[in-house]
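# Overview (structure and organization)
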Amino acid sequence: FERVFREDIRSWELIQDLAQLELLADLLPARVGSPLSMASLTEDIATTPKSIKLWLEILNRNYFVFSVAPYHARLTRALKKEAKFYFWDYSILEDLGARFENMVAAHLLKFCHYYRDVNGIDVDLCYVRDREKREVDFLIVFNKKPWMLLEAKVGKPDNFGPLRYFGEKLGVKEKYMVCLEERHDYFDRASGVSVIPAAKLFAALV
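Reference entry: report on the structure contained in this document. Worth saying up front: this structure is predicted, and the values here are computed from it rather than measured. (Residues numbered from 1 in each chain as written. Predicted model: local features only at pLDDT ≥ 70, side-chain atom pairs only at ≥ 80, totals over all residues. Heavy atoms only, no water.)

Another point: the environment of Phe 85. Note on placement: Phe 85 falls in strand 2 (residues 84-87). A residue is classified by how much of its surface remains accessible, and Phe 85, at 12% relative accessible area, is buried. Excluding residues within four positions of it along the chain, Phe 85 makes contact with Val 32, Gly 33, Leu 36, Leu 56, Asn 60, Val 65, Phe 66 and Ser 67. (Helix = DSSP H or I, 4+ residues; strand = E, 2+ residues; numbered from the N terminus. Buried < 20%, exposed > 50% of the residue type's maximum accessible area, 1.4 Å probe, protein only. Contact = heavy atoms within 4.5 Å.)

This is the structure in structure tokens:
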């Protein structure tokens, strides 16, 4: 944290109020895994939405956080603007659920970057959420087409409904609930969801 803010950002970015940028960084861990509300951050930090957006871009450029955008094509009531933000160094997160979801996000982003950089294939990492608050943590979009839905789960696998719902809406057959514990490894026939340990999934990616 000290190196990023006191050395990297101060050396390379034109920041008028570094303290407010640090305050933003302090507020982000509690919001990992949730669509980021600019209005809420604007109120908490007492600044403008334009400043919040600029500071998030700076944190992104300096590899402190990365963003996952919402996917809304072919989904009439899906969120369109509010991205989710995750940390490159997710060890700073105290909540186990948030840390696990962040870890899954980082591995999936590495997979997308690999196929984009090595093979020149257009692969993007997104998430899906609608106004009825149905949500799936991650959607991998392969050459502009939804390809794989993934939900991160720390405890016992349950609530396959959103994976099944968005799978049907988007025509996605590859649906996974990624679990922390290795004992959860099976196929749920009713929903068409594969329950898979994170270690097994990561080994199959890159």
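What follows concerns unusual backbone geometry. Positive phi is not limited to glycine here, since Lys 133 has a value of about 70 degrees. Note on placement: Lys 133 falls in the loop between strand 3 (123-129) and strand 4 (135-142). For Asn 159, which is not glycine, the phi torsion reads 55 degrees and is therefore positive.

A few words now on the packing of aromatic side chains. A full pass over the atoms with the stated rule returns 11 aromatic pairs. Between the aromatic rings of Tyr 115 and Phe 142, the centroid separation amounts to 6.4 Å while the plane-to-plane angle is 65 degrees, which identifies the pairing as edge-to-face. Of this pair, Tyr 115 sits in helix 5 (residues 96-119) while Phe 142 sits in strand 4, and the two are 27 residues apart along the sequence. The class of Tyr 115 is partly exposed, set by a relative accessible area of 24%. Its relative accessible area of 25% is what places Phe 142 among the partly exposed residues. (Phe/Tyr/Trp six-rings, centres within 6.5 Å; stacked < 30°, edge-to-face > 60°.)

Tracing the sequence through the fold places Arg 129 in strand 3. In the structure, Arg 129 is positioned 51 residues away from Ala 78 in sequence and 5.6 Å away in space, judged by C-alpha atoms. Leaving out residues up to four positions away in the same chain, Arg 129 has contacts with Pro 35, Arg 77, Ala 78, Leu 79, Arg 134, Glu 135 and Phe 166.

This part is about the pairing of strand 5 (residues 145-153). Judged from the five bridges that link them, strand 4 and strand 5 form a sheet pairing that is antiparallel. Paired with Val 141 across the two strands is Pro 146, which belongs to strand 5. Count of turn residues in the strand 4/strand 5 antiparallel hairpin: two residues, of which Asn 143 carries a positive phi of about 50 degrees. By the bridge criterion, six bridges tie strand 5 to strand 6 (residues 174-179) in an arrangement that is parallel. Its bridge partner lying in strand 6, Lys 153 is registered against Cys 179. (Pairing = 2+ DSSP bridges.)

By the definition in use, this model includes 13 salt bridges. Put simply, Asp 124 and Arg 116 hold a salt bridge, and the shortest N to O gap is 2.5 Å. Owing to a relative accessible area of 34%, Arg 116 belongs among the partly exposed residues under this scheme. Ionic pairing is found between Glu 181 and Arg 183, a salt bridge with its closest N-O pair at 2.5 Å. Residues joined in a network through salt bridges with shared partners are Lys 84, Glu 101, Arg 129 and Glu 135. (Salt bridge = Lys/Arg side-chain N within 4 Å of Asp/Glu carboxyl O.)

A few words on the side chain of Thr 42. Structurally, Thr 42 can be placed in helix 3 (residues 38-45). Not counting residues within four places of it along the chain, the set of residues in contact with Thr 42 comprises Thr 47, Thr 48, Pro 49 and Ile 52.

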